[in-house]
Structures are given as C-alpha cells and as structure tokens.
Amino acid sequence: MSVMVVLGTQWGDEGKGKITDLLARDVDLVVRYQGGNNAGHTVVIKETTFKLHLIPSGIFYPNVMCLIGNGVVVDPAVLLQEIESLRTQGHSGDNLRISGQAHVIFPYHKDLDSAQEKKAEAGRIGTTSRGIGPCYVDKYNRRGIRISDLFNQEVFKAKLKWNLDEKSWILNNYYGMKVSYDLDSILNEYLGYAHAIKKQVVDESTSLVQEAIIQRKHILMEGAQGTMLDVDHGTYPYVTSSNPISGGACVGAGFSPRAIDEIIGVTKAYVTRVGGGPFPTEIDGKGGEELREKGHEYGATTGRPRRCGWFDGVVMRHASKINGLTSLAVTKLDVLDSFEKIDVCTAYRLNGKEIKHFPTDMAKLEKCEPVYTELSGWRETLGKITDYKHLPANAKKYLDKLAELAGCKISLVSVGAERGQIIKL
Ligand code: GDP
Ligand code: IMO
Ligand code: MG
C-alpha cells in the first residue's frame, strides 16, 4: 500500500489518534491534512497519555516524517507548546515538518470566533473557540496569512496591518467589543514564533508528498474531526470549517486522488458529539450518562462532556459512500462490555416513511426518528483479547452488523485505549 487515508466517520473523537499511531509504525510519512487545534487526538503508550492537537499522531516514531499539511490552520503558539511538551516527555519532534502554505491563526481569529458564538445565542455552534472558522474564512476570502509569509517581514507587516484594521473595526462596531491590537507587538510575537519553527518549515510541502508517492513510500493521511462535521457533507451549519472527508486529503496535502489505495474509516462502536446540532440517536438522561462515564467521553481539547448515543447506521452508510471506505477501524467496543442490550439504528423514520439515506436538509433531519434493531450484549471483558477468534459470539454479531451497514469489511477492532489493545482482522 502506498497512500492510505485514516479519517473519522462520525462527529469526531472516534479514536483517529490511536489508529494513526498504530498504523504509522509501518509508514514513512504521516500528513495531517485539515483542521487545526480544534482537534484532540489521544495516543496512549503504556502508562503515558499524549494529547495531540496539531502534530500528526505518527510523531512517536523518530523515523516517520510527520507533516502538517497545507490544508491545516496553525496556531503557532499552540504548536510550539505541543513541541515543547513532547520534548519534556522524551520525544525530540525532529521528524516534524510544517507546510509553508498552511494558514496562520491570529488573536483576532479567536476573538471573532468567540464574538460570533456569543452573538448567535440560540443558534450557537458550540465551537472550540480556537479561531478555526474565522481563519478558514480569511483563507477562502484571500486575506489569510500563510506560514511562508511570516518569513517575509515586509509582506507580513502589510497583510497583518490590513487584517488588524478590518477585524478590529468589525469586532468593535458590529460585535460591540473593545479590542485594540498593537501591530508591532503582534508582528514581533509572530516573528518570534517563525524563528522558532523555521528549521521545520518546508516551502514545497506538496512536492515532498508527491516525491514520496513517486518513490512508492508508505504514506498515511490523518484526518481530524469527522465526516458529519464536514463543511459540505456534514450537519451544516453545525460543522467545522474544513473537509475531513477523504477528498479533503488530496486538497489538504496536495496530491492526486488516483494515488489513494486505502481509506480507513475510524468508527466508534457507538456515537458521540461535542457542541450543538442534530444527533438523531442521542440517548438522553441516564443511558447517555452511562455511556459517557464508561467511555470517559469528555473532550480532549475543551474537556466538555460529549453527548452520547447508539450506533447510527444511516450516518455510517453516508460516511462509507462519501469517503469510499475500503475498511473500518471500529474503536471502543470494550465500552459496551456490560450492556445487556445494545441498540443499532438501521434507518430513520421521516413523516411515517422509513429512509435509509442521510438527509442533507437540517429541517428534515430534525424530524427524523431512529429505527432501531436490538442486539444482545456479550457481558464479557474484551480489553485483553488480541485475536478475533476469541471474541464472544455476540460481539462478533455486533461487528457483523456494523460491517453490513457500512458495506465494507472491518480491518481493526480496538478494545482499549492503549496501543496494544487491538485486534487485527
Ligand atoms: P480522536 O480525536 O478521533 O483521535 O479521538 P479522541 O482522542 O478525541 O477520543 C478518543 C478517546 O477514546 C481517547 O481518550 C482514547 O484514548 C480513547 N480510546 C481510543 N480507542 C479506545 C478503545 O478502543 N477503548 C477505549 N476504552 N478507549 C479508547
Ligand atoms: P477531533 O479531530 C469533536 C466540533 C466542535 C463544534 C464544531 C465546530 O479530535 O475528532 P470548530 O472549533 O471546529 O469551529 O467547532 O466542531 N469539533 C470537534 N468535535 N472532535 C473534534 O476533533 C472536533 N473539532 C471540532 O465541538 O461542534
Ligand atoms: Mg478528539
């Protein structure tokens, strides 16, 4: 296999960090292709838990090059903290590269993110308030400042001035805030960041990726967020501002779709969501709380409690098709160990009719009721199982159901957070 994409099939937090870390052992290059430090990818190696926000989850193998791709939005202060925190834990991070084409998050992006959310009140998205959306807005509006701009002081200063003038006007006059940005102090702060990351910045990051493809190197494209948070194909407007789907990998790393060999959909054995927006299989009250506690479902970035629900086969079908999944990596199966009965949503009921496709119109989606099939639990501890044949019969039946709904095979089953807690099929 030369190019494999690893992405989330739900609303994020499926366990992409764990699966990427596992698969990265056998690759030469890992590329993060979209999102920013709204992501929180957890990797557990023995007793140590690492939470990565920007750095690709292949960083723990010194021989694997890890690239922050052109499609990512980078908060350099966060990146430097992350590099520092890895260093103190014994990982040099010398294998990290950053695309010069990636866009930079500035203080006004974070201020705009918070101001927008505050003003929205009822229609609040529940963003991570990391400035992700406003930074992508600037990118698409061609006002963005890229990493490479930080190394050309004249260009950088002119672009920054223009942005500070515009953003402070909007924040003060439309959002009623009282901000005043000092051009020189922000300029110097970011020049300092630029100096600190200089050695790791690659101007031609797409050439680096393409050269690796030509040389038939093994490459893993690591998605952040998930299919249902995709700005085009998710539950718009309750989404993030990028394209986590497989197509987004080509854009955010810079290579042809023809190069992709494998697309692995990371799929939690149930579903969670952080922030606002529709969630058809959400379990209210005690049932939801039970899943949250058993699965430790609290955000890796913001610490917010995650909303929990049963596996959604309609979402699964949608994700399978839009991404062209070649296999699934099912995670957190162990969280369901103690359940006597487990519901799986196989369709939605809309205006008295059963539908199997995911409605893109939010007004329709809000009216959808999940149609469930009840499966029996296995009531055994799966955490130590590493061979598929030792899984209880009911756990196998559950996995078969997920594979049937996805219309593809399962290649990996994760039964615990630690690196070794995995079953390869
Ligand atoms: P990501 O954003 O997709 O990388 O996922 P997160 O790291 O935000 O959330 C997944 C959480 O589940 C993390 O705390 C992981 O350590 C944990 N985790 C991953 N796989 C498993 C698993 O198979 N079982 C259990 N119990 N926890 C897991
Ligand atoms: P990983 O990579 C879960 C959610 C936010 C909010 C919406 C928009 O760890 O799976 P944003 O700050 O992106 O503008 O927020 O998207 N969100 C995530 N939810 N996992 C993530 O990343 C997320 N990144 C953003 O909670 O609902
Ligand atoms: Mg996460």
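Computed from a predicted model, the values in this text were never measured in an experiment.

Rules used in this analysis
- Residues numbered from 1 in each chain as written.
- Chains lettered and ligands numbered in written order.
- Predicted model: local features only at pLDDT ≥ 70, side-chain atom pairs only at ≥ 80, totals over all residues.
- Heavy atoms only, no water.
- Domains from an automatic or database assignment.
- Buried area = accessible area lost by both parts, 1.4 Å probe.
- Salt bridge = Lys/Arg side-chain N within 4 Å of Asp/Glu carboxyl O.
- Polar contact = N/O pair within 3.5 Å; in protein donor to acceptor, adjacent residues only side chain to side chain.
- Helix = DSSP H or I, 4+ residues; strand = E, 2+ residues; numbered from the N terminus.
- Near = heavy atom within 4 Å.
- 1 Å grid on protein atoms, 1.4 Å probe; cavity = no way out; pocket = protein on both sides within 12 Å on 5 of 7 lines; lining within 4 Å.
- Sits in = over half its atoms within 2 Å of the grid points.
- Buried < 20%, exposed > 50% of the residue type's maximum accessible area, 1.4 Å probe, protein only.
- Donors = N, O, S within 2.8 Å, 3.2 Å for Na, K, Ca; no water.
- Pairing = 2+ DSSP bridges.
- Contact = heavy atoms within 4.5 Å.
- Axes fitted to C-alpha atoms, helices over the stretch in contact; angles between N-to-C directions.
- Points joined across faces, edges and corners; volume = space filled by probe spheres on them.
- Nonpolar A, V, L, I, M, F, W, Y, C, P; charged D, E, K, R; others polar.
- Areas by Shrake-Rupley, 256 points an atom, 1.4 Å probe, with all protein chains shown as cover.

**Focus: the domain arrangement of the protein**
Alright, step 1. Under the domain assignment used here, the protein contains domain 1 (3-99 + 202-264), domain 2 (103-197) and domain 3 (269-424).
Alright, step 2. Computed from C-alpha atoms alone, the centre-to-centre distance between domain 1 and domain 3 is 23 Å.
Alright, step 3. Overall, the association of domain 1 and domain 3 removes approximately 3,100 Å² of surface from exposure, summing both partners, and the carbon and sulfur fraction of that is 59%.
Alright, step 4. When residues of domain 1 are sorted by the area they lose upon contact with domain 3, Trp11, Asp13 and Lys18 head the list and together hold 22% of the total.
Alright, step 5. Linking domain 1 with domain 3 are two salt bridges.
Alright, step 6. A salt bridge links Asp13 to Arg306, with the nearest nitrogen and oxygen atoms 3.0 Å apart.
Alright, step 7. Where domain 1 meets domain 3, there are 22 residue pairs in polar contact (both at pLDDT 80 or more).
Alright, step 8. At the level of secondary structure, the elements contributing two or more residues to the side of domain 1 that touches domain 3 comprise helix H1 (16-24), strand S3 (41-45) and strand S11 (260-268).
Alright, step 9. It is H1 that provides the largest number of residues to the side of domain 1 that touches domain 3, a total of five residues.

**A few points about the site of ligand 2**
Alright, step 1. Close to ligand 2 lie 20 residues; Asp13, Lys16, His41, Thr128 and Thr240 are nearest.
Alright, step 2. Contact distances for ligand 2 include 2.8 Å between an oxygen atom and a backbone N or O atom of Gln225.
Alright, step 3. For ligand 2, an oxygen atom lies 2.6 Å from a polar atom in the side chain of Thr240.
Alright, step 4. When atoms are counted within 2 Å of each cavity's grid points, the one that captures over half of ligand 2 is the largest pocket.

**What about the pattern of salt bridges?**
Alright, step 1. Scanning all chains against the criterion turns up 20 salt bridges.
Alright, step 2. We note a salt bridge from Arg349 to Glu354, for which the minimum N-O separation is 4.0 Å.
Alright, step 3. Overall, the relative accessible area of 37% leaves Arg349 in the partly exposed class.
Alright, step 4. Among the charged side chains, a network of salt bridges with common partners joins Asp13, Lys268, Glu297, Arg306 and Lys332.

**Some words on the coordination of the magnesium ion (ligand 3)**
Alright, step 1. Note on the magnesium ion (ligand 3): its protein donors are Asp13 (OD) and Gly40 (O). The metal-donor distances range over 2.0 to 2.2 Å. With Asp13 in the loop between strand S1 (3-8) and H1 and Gly40 in the loop between strand S2 (29-32) and S3, this residue pair connects regions lying 27 residues apart in the sequence.
Alright, step 2. According to the relative accessible area criterion, Gly40 is buried, its value standing at 12%.

**Remarks on the sheet that holds strand S15 (residues 327-331)**
Alright, step 1. The mixed open sheet is built from 10 strands, whose spatial order is S9-S7-S5-S2-S10-S1-S11-S15-S19-S20. Looking at strand neighbours, the two that pair on one side only are strand S9 (201-202) and strand S20 (422-424), the edges of this open sheet.
Alright, step 2. Pairing of S15 with strand S19 (residues 409-414) involves four bridges; the strand directions are parallel. Paired with Ser327 across the bridge in S19 is Lys409.
Alright, step 3. Here H1 sits on the sheet in contact with S1, S2, strand S10 (219-222), S11, S15, S19 and S20, set at roughly 160° to S1.

**Let's talk about unusual backbone geometry**
Alright, step 1. A cis amide bond, omega 5°, links Tyr236 with the succeeding residue Pro237.
Alright, step 2. Unlike most non-glycine residues, Lys332 shows phi in positive territory, near 60°.
Alright, step 3. Tracing the sequence through the fold places Lys332 in the loop between S15 and strand S16 (341-350).
Alright, step 4. For Lys332, a relative accessible area of 21% corresponds to the partly exposed category.
Alright, step 5. Positive phi values are uncommon outside glycine, yet Asn351 reaches one of about 50°.
Alright, step 6. Along the polypeptide, Asn351 turns up in the loop between S16 and strand S17 (353-355).
Alright, step 7. Given the relative accessible area of 64%, Asn351 is considered exposed.

**Re the layout of surface pockets**
Alright, step 1. Taken as a whole, the largest pocket spans an internal volume of roughly 900 Å³.
Alright, step 2. Listed by contribution, the elements that provide at least two residues to the lining of the largest pocket are helix H3 (107-120), helix H4 (132-140) and helix H5 (153-174).
Alright, step 3. Class assignment of the residues belonging to the lining of the largest pocket gives a composition of 17 nonpolar, 19 polar and 11 charged.
Alright, step 4. One number sums up the size of the second largest pocket: a volume of about 550 Å³.
Alright, step 5. Lining the second largest pocket are 28 residues, and of these Thr42, Gly295, Arg306, Lys332 and Ala417 sit closest to its centre.
Alright, step 6. Elements that contribute at least two residues to the lining of the second largest pocket include exactly H1, S3 and strand S4 (48-52).
Alright, step 7. It is S3 that contributes the most residues to the lining of the second largest pocket, four residues altogether.
Alright, step 8. Taken together, the residues of the lining of the second largest pocket sort by class into six nonpolar, 12 polar and 10 charged.
Alright, step 9. Here the lining of the second largest pocket gathers at least three residues from each of two domains, domain 1 (3-99 + 202-264) and domain 3 (269-424).

**As for H1**
Alright, step 1. H1 sits mainly inside the fold: nine of its nine residues count as buried.
Alright, step 2. Buried within H1 are the following residues: Lys16, Gly17, Lys18, Ile19, Thr20, Asp21, Leu22, Leu23 and Ala24.

**Looking at the site of ligand 1**
Alright, step 1. The environment of ligand 1 is made up of 19 residues, and the closest members are Gly15, Lys16, Thr42, Asp334 and Ser414.
Alright, step 2. A distance of 3.1 Å separates an oxygen atom of ligand 1 from a polar backbone atom of Glu14.
Alright, step 3. Contacts to ligand 1 include Gly416, whose backbone N or O atom sits 3.1 Å from an oxygen atom.
Alright, step 4. Contact with the protein chains covers 91% of the free accessible surface of ligand 1, which is 590 Å².

**Structural notes on the pairing of S16**
Alright, step 1. Burial analysis of S16 places eight of its 10 residues in the buried class, the great majority of the element.
Alright, step 2. Alignment of strand S14 (residues 311-312) against S16, held across two bridges, turns out to be parallel. When the sheet's bridge partners are listed, Phe311 is paired in S16 with Val344.
Alright, step 3. Pairing analysis gives eight bridges linking S16 to strand S18 (residues 369-376), with the strands arranged antiparallel. Looking across to S18, one finds that Cys345 is bridged to Tyr372.
Alright, step 4. As judged from the three bridges shared by S16 and S17, these two strands associate in the antiparallel manner. Paired with Leu350 across the strands is Lys353, a residue of S17.

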